[in-house]
Structures are given as C-alpha cells and as structure tokens.
Protein chains: 2
Amino acid sequence: MTQDYSHFPRHLVAVDCIIFGFDGENLKILLVQRNFEPKMGEWSLMGGFIGDEETSDEAAQRVLNTLTGLENIYLEQLNSYTQIDREPTARIMSISYYALINIEKNIQINEKYSAKWFDLKDRPDLIFDHNDMVKDAVLRLRRRATTRPIGFELLPKKFTMKDLQNLYEAIFDEKYDKRNFTNKINALDVLVKTAEKDMSSSKKGSFLYTFDEEKYNKKIAEGFMFKI
Amino acid sequence: MTQDYSHFPRHLVAVDCIIFGFDGENLKILLVQRNFEPKMGEWSLMGGFIGDEETSDEAAQRVLNTLTGLENIYLEQLNSYTQIDREPTARIMSISYYALINIEKNIQINEKYSAKWFDLKDRPDLIFDHNDMVKDAVLRLRRRATTRPIGFELLPKKFTMKDLQNLYEAIFDEKYDKRNFTNKINALDVLVKTAEKDMSSSKKGSFLYTFDEEKYNKKIAEGFMFKI
DNA sequence: ACAAAAGTGTTCTCAATACACCCATGT
DNA sequence: ACATGGGTGTATTGAGAACACTTTTGT
C-alpha cells in the first residue's frame, strides 16, 4: 500500500529575507514598504511564496534577485515561523533567510518595492513577526561571524583595517582595542596588505587589504574559530 | 486591495524528529521502521504532517507523544528541508526537530511504529534525506551542549560524575581527563552532591548528583558558556 | 607647528591542559 | 591482601586583555 496524500492539509509557505549590508560605519538592513493590504505602507522584510518547482533556497534567491538584481547572493536559511495567526489574512508559514550583500556593488533596487536601507539599530517597527525574524538573524550573524570572517561578503574588495574593525564592532555592538584587533586579524593570516592606501579618512592614509581567498577557504575547510 | 491567496501553490509540510537518548554509556537515537510504501521496512525518523490547526512545534510534540506517550519533551527546531524530490511520491517539505529524552523514564513506546533505540554511532542507513537530518542534529546538539548542561534532559534525576562525563564524551566523541572534567563541572556550580552512592559500578561506590535547577536556570539566564 | 588618524609590542592575568597517587570497599 | 573504580590538587602553558607612544602628512 502506498501513501495517499490527498486529504492531508496543504499550506502556503513563504520565504522572508533579512538583508544585511555594511556602509563602512554601521550595519544596515534593507526593508521594503508594503504596497498592498493589510498593513499597506508599513515596513517589512522582502518575501515571497515558494513555488511548486523551487526549493526554499531557490525562492529566497529569486526574491532577492527580484529586489536587487544581484545573483548568487550569500544566503543562509534561518528558521521556520509557523504560528497559525502570524499573518492576519491567511495561515502562512515562513522560512527566513539572511543575506549579506556588499552595499558598494551598484545595486539597482527595483523601485516597485520602495525599498530602503536602514541602520540596523535605528530601524522602524516591522509587520507581523518580522521583528522576531530580524532579532534571530542578528544572533545568527554574530554566531556566523565567529566561525568565518563574514567580511568577505559585506565589504568591498579592498578595505582598510578600520573598516573591518568597524564591521565587527557593528555586528557585535561592542568596541575593540585597535592593537588587539589588528593582532588577531593578522594572526588569522587571511588578509593581504596591498600597496595602496585609502586617503579619504586621514592625512597619513591607511593601507587597503584584500582577502586571500585561497588561504581563507583553506582555513574554513580546516574549521577555524575566529573569536574577537 | 487585499491579497488574494487562492492561486498560490500550497504544500505538504511535515515534521521529522531526531530523538536522542542516553543509556549511561552511549548516545542513542530512536528510529522507526516504515510500515508503508515506499521504503517499507526501512528505518526512518518519526514524523508526521503539520495540520491546519497546529504549529510545527505542536506537530512535533504531537508526533513524539504519539510514539512515546511523553508530554512536554525538550524539543528544538532545526532546519527546513525543501528539496523537491526529497521524497519520491510527492513534494513534501519537512521541518526537523531534535528531542532529548531520558531513556530511564519508563517509556511506553507505541508498538504500532516498531520503534527501536540504536547507538548513534551504529545506526542503520535511513530513508530519504533523514541521514542529513541526523548529521545536522548532532552538530546542533554539540553546539547546544556548550551553551547549557544538556544533561538535564538526557540524564536521570540522580547520576554519577562518570555518567555526566560519559554523556559529554558520547556527544563530542572525545575522551576527557577525569580530574579536569570534574573541576570544570564543579566550577560551574550547578550540581548538588547527594549523600547517596551508586554501588553498581564499583566496590567503593560513586556519589550521586542532582542538578540544582534554580542555580542552573539563573546561569542560563545570565548566559554562560560551558566549554569542555 | 599642529592636528588627526594610522600603526605598532609588551606585560599581566587567567583559563585550559597535563599529569599521578591515595581511598574505600567487596571479594 | 588485592583488585577495582572513585576521588582529588598542582604546575605549566598559552591565549586574551589591558595599555601609550610614535609616525605621517595636509593644512
């Protein structure tokens, strides 16, 4: 006897994306303004329903691509949210994803969605359980940032040590000692110091670094811990 | 205008439970033998579909209760698995949960499901993507075990220091030094040494401990890290 | 000359590790 | 008396944290 699925309940399942960016100073989040009821005009995460022919990962990539035009975004699945009344109009489950994108890439944000970057610490109240999703995503981001130098995805190709420190300070909402930070990063041995300097921030100028992708991937494969 | 959901696809969504136990020596997993096609007779995780009137958490509790008769089991949501062909007969999404249960509680395992405890390290091959689910669950269990003394759920009320060490060795698949382990556990200050001894393992007998639930909860609230 | 940010090393402290002997008891 | 597992403390090492002055250069 083979299972007959016809009378099992079926559900609407969406994905919602927590999109993080970094502007060199603060951690940012990309939010969209609802243009339909309910809660029209309020801010929310970008989301969409999972189709019959796509996985949740694919749906999240599609949703992000629709909004930003970017392909192959760094995405990680977070949690499922299945409260029955989490949306007022229908029972909709949602799988959340967090995305890391480099703000400097010239993103063509689709104007249809009235999207806007907010400082993570100064974001508006969101609809439904999206505030919870963001909180969970920040926790995951912090955890992830101790396992691998997340900066790869959030920083431009070339960046200063200060940028990197600012990023970690923004992620963990803490201040670090400049010397200890530099020492620890250098001990990791995944950065390459270029000959170039960024002259915009000071008279002296500060050296630009890039990630050594090969060393970086090797470290990850070996499983390293990156505690600041 | 309000959203009309009628032509969005709807999906079958299941929960699958990775049920861990501990017998004092080895980490165990409770598996069920399929009694329907496809893959009848093979071993799998216990699972079930999410109904219209329940959250995924509730569905997981229900599934576990059906199998073991236990209520209020320690459960934690893990991941969603949404590969389109993860089951051959229909597109079924699954949200995995891991459960920790104390094997000593006299569990009435529902015979309908031909369930059996296996050594985690010596378990049979599972159907579909259930092997992946178990692997992911073990990783999460390890992570969780560094955040809180998981033993609470997996050990009987009273246990010896050796039991606790065996548990951690089973979870991390490593051996620890007896003195260092004891020192570290005592430093945590969450155990109470009782006057009783377990005489079954040696002539001398070994003291039994219990968790100090109050101190334990206080520590968790303060957010402690428990690295062995 | 001075202001403003960049760059750089050492000391101290504490936690993690390694390690070996005596104890209590049933046989 | 001896065999078996239980129980205990110390010394060493290494990593993380605290900490301040010099350098460069545009104005």
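Above: the structure in question.
In short, a report on the structure. From a predicted model like this one, the values you see are computed outputs, not experimental measurements. (Residues numbered from 1 in each chain as written. Chains lettered and ligands numbered in written order. Predicted model: local features only at pLDDT ≥ 70, side-chain atom pairs only at ≥ 80, totals over all residues. Heavy atoms only, no water.)

This next bit is on the overall build of chain A. For chain A, the count of helices and strands is six helices and 10 strands. In terms of its C-alpha atoms, chain A occupies a principal-axis envelope of roughly 65 × 45 × 30 Å. When contacts within chain A are restricted to residue pairs at least 6 apart in sequence, those whose partners lie at least 24 apart make up 66%. As presented, chain A carries roughly 11600 Å² of accessible surface, and 47% of it is formed by carbon and sulfur atoms. Across chain A, the mean location of the 33 positive side-chain charges is 7 Å away from that of the 36 negative side-chain charges. (Helix = DSSP H or I, 4+ residues; strand = E, 2+ residues; numbered from the N terminus. Contact = heavy atoms within 4.5 Å. Areas by Shrake-Rupley, 256 points an atom, 1.4 Å probe, with all protein chains shown as cover. Lys, Arg positive; Asp, Glu negative; His and termini not counted. Charge placed at Lys NZ, Arg CZ, Asp CG, Glu CD.)

Further remarks concern the protein's contact with DNA strand D. As a structural note, the neighbourhood of DNA strand D is formed by 19 residues, with N180 of chain A together with K178, R179, K204 and F207 of chain B the closest of them. Interatomic distance of 2.9 Å between a side-chain N/O atom of N180 of chain A and a base nitrogen of DNA strand D. Take G205 of chain B: an N or O atom from its main chain is 3.4 Å from a sugar or linking oxygen of DNA strand D. Of all the secondary-structure elements, those providing two or more residues to the surface near DNA strand D are helix 5 (178–188) of chain A together with helix 5 (178–188) and strand 10 (206–211) of chain B. Among the elements that take part in the surface near DNA strand D, helix 5 of chain B stands out by supplying four residues, more than any other. The residue inventory of the surface near DNA strand D, partitioned by class, reads one nonpolar, seven polar and 11 charged. (Near = heavy atom within 4 Å. Polar contact = N/O pair within 3.5 Å; in protein donor to acceptor, adjacent residues only side chain to side chain. Nonpolar A, V, L, I, M, F, W, Y, C, P; charged D, E, K, R; others polar.)

The next point concerns the nonpolar core. Residues I19 of chain A together with I19 of chain B are the most contacted members of the largest nonpolar core, which totals 46 residues. Contributing elements (two or more residues each) for this core: strand 1 (12–22), strand 2 (27–33), helix 1 (56–68) and strand 6 (92–100) of chain A together with strand 1 (12–22), strand 2 (27–33), helix 1 (56–68) and strand 6 (92–100) of chain B. Excluding residues within four positions of it along the chain, I19 of chain A makes contact with K28, I29, L30, L64, L67, A99, I101 and W117 of chain A. Counting residues in each nonpolar core, the second largest holds 44 residues, with I18, I29, Y176 and I228 of chain A among its members. (Core = buried A, V, L, I, M, F, W, Y, C linked by side-chain atoms within 4.5 Å. Buried < 20%, exposed > 50% of the residue type's maximum accessible area, 1.4 Å probe, protein only.)

Before going further, it helps to examine the sheet that holds strand 9 (residues 191–198) of chain A. All names here are of chain A. Pairing within the open sheet is antiparallel, and its three strands lie in the order 8-10-9. A strand with exactly one partner marks an edge of an open sheet, and here the two such strands are strand 8 (159–160) and strand 9. Two elements, strand 9 and strand 10 (residues 206–211), share five bridges in a ladder whose sense is antiparallel. By the bridge assignment for strand 10, D198 is matched with S206. (Pairing = 2+ DSSP bridges.)

Here the focus is the protein's contact with DNA strand C. In the vicinity of DNA strand C, 18 residues are found, and the nearest of them are K178, R179 and F207 of chain A together with R179 and N180 of chain B. A share of 40% is what sugar and phosphate atoms reach among the atoms of DNA strand C within 4 Å of the protein. Contributions of two or more residues to the surface near DNA strand C are made by helix 5 and strand 10 of chain A together with helix 5 of chain B. Here the surface near DNA strand C takes four residues from helix 5 of chain A, the largest share from any one element. Grouping the constituent residues of the surface near DNA strand C by class yields one nonpolar, seven polar and 10 charged.

Contacts between the two partners involve 36 residues from chain B, matched on the other side by 36 residues from chain A. For the chain B and chain A pair, buried surface summed over both sides reaches about 3300 Å², with 55% attributable to carbon and sulfur atoms. Taken together, chain B and chain A are joined by zero salt bridges. Summed over the shared surface of chain B and chain A, the result is 15 residue pairs in polar contact (both at pLDDT 80 or more). Those elements giving two or more residues to the side of chain B that touches chain A turn out to be strand 1, helix 1, strand 5 (74–81) and strand 6 of chain B. Taken together, the residues that form the side of chain B that touches chain A break down as 15 nonpolar, 12 polar and nine charged. (Buried area = accessible area lost by both parts, 1.4 Å probe. Salt bridge = Lys/Arg side-chain N within 4 Å of Asp/Glu carboxyl O.)

Before going further, it helps to examine the packing of aromatic side chains. Inspection of every chain in the model, using the stated rule, returns 23 aromatic pairs over all chains. Ring geometry for Y168 of chain A and F172 of chain A: centres 6.3 Å apart, planes at 15°, overall stacked. Residue Y168 of chain A and its partner F172 of chain A are located together in helix 4 (residues 161–172), separated by four residues, close to a single helical turn. The pair Y168 of chain A / F172 of chain A is uniform in exposure class, with both members buried. Between Y168 of chain A and F226 of chain A, the ring centres sit 5.3 Å apart and the planes meet at 80°, which makes this aromatic pair edge-to-face. Of this pair, Y168 of chain A sits in helix 4 while F226 of chain A is found in the segment after helix 6 (213–222), placing the two residues 58 residues apart along the sequence. By relative accessible area, which is 3% here, F226 of chain A ends up buried. Members of the aromatic cluster, each reached through a chain of ring pairs, are Y168, F172, Y176, F181 and F226 of chain B. If you follow K193 of chain A out to its NZ or CZ, it ends over the ring of F207 of chain A, 4.6 Å from the centre. When the ring centre of F207 of chain B is taken as origin, the NZ or CZ atom of K197 of chain B, which lies over that ring, is 4.7 Å away. (Phe/Tyr/Trp six-rings, centres within 6.5 Å; stacked < 30°, edge-to-face > 60°. Lys NZ or Arg CZ within 6 Å of the ring centre and 35° of its normal.)

Once that is clear, we can look at the pattern of salt bridges. Two side chains bearing opposite charge may form a pair once their charged atoms approach each other closely. Residues and elements named next belong to chain A. For the coordinates displayed, the defined rule picks out 26 salt bridges over all chains. The partner of R62 in a salt bridge is E54, and the shortest N-O contact between them spans 2.6 Å. Accessibility expressed as a relative area gives 36% for R62, which makes it partly exposed. The class of E54 is buried, set by a relative accessible area of 11%. Two residues, R86 and D129, come together in a salt bridge whose shortest N-O distance is 2.6 Å. Residue R86 is located in the loop between strand 5 (74–81) and strand 6, and its partner D129 is located in the loop between strand 7 (115–119) and helix 2 (130–147); the two are separated by 43 residues in the primary sequence. Residue classification places R86 among the buried residues on the basis of a relative accessible area of 5%. Salt bridges sharing common partners tie together D16, R86, E87 and D129.

Take the side chain of R140 of chain B next. Residue and element names in this part refer to chain B. Mapped onto the elements, R140 comes out in helix 2 (residues 130–147). Reaching out from R140, the side chain makes a polar contact with the side chain of E76 at a distance of 3.1 Å. Excluding residues that lie within four positions of it along the chain, R140 makes contacts with E76, Q77, L78 and Y98.

So far we have only geometry, and geometry alone does not tell us how the molecule works.
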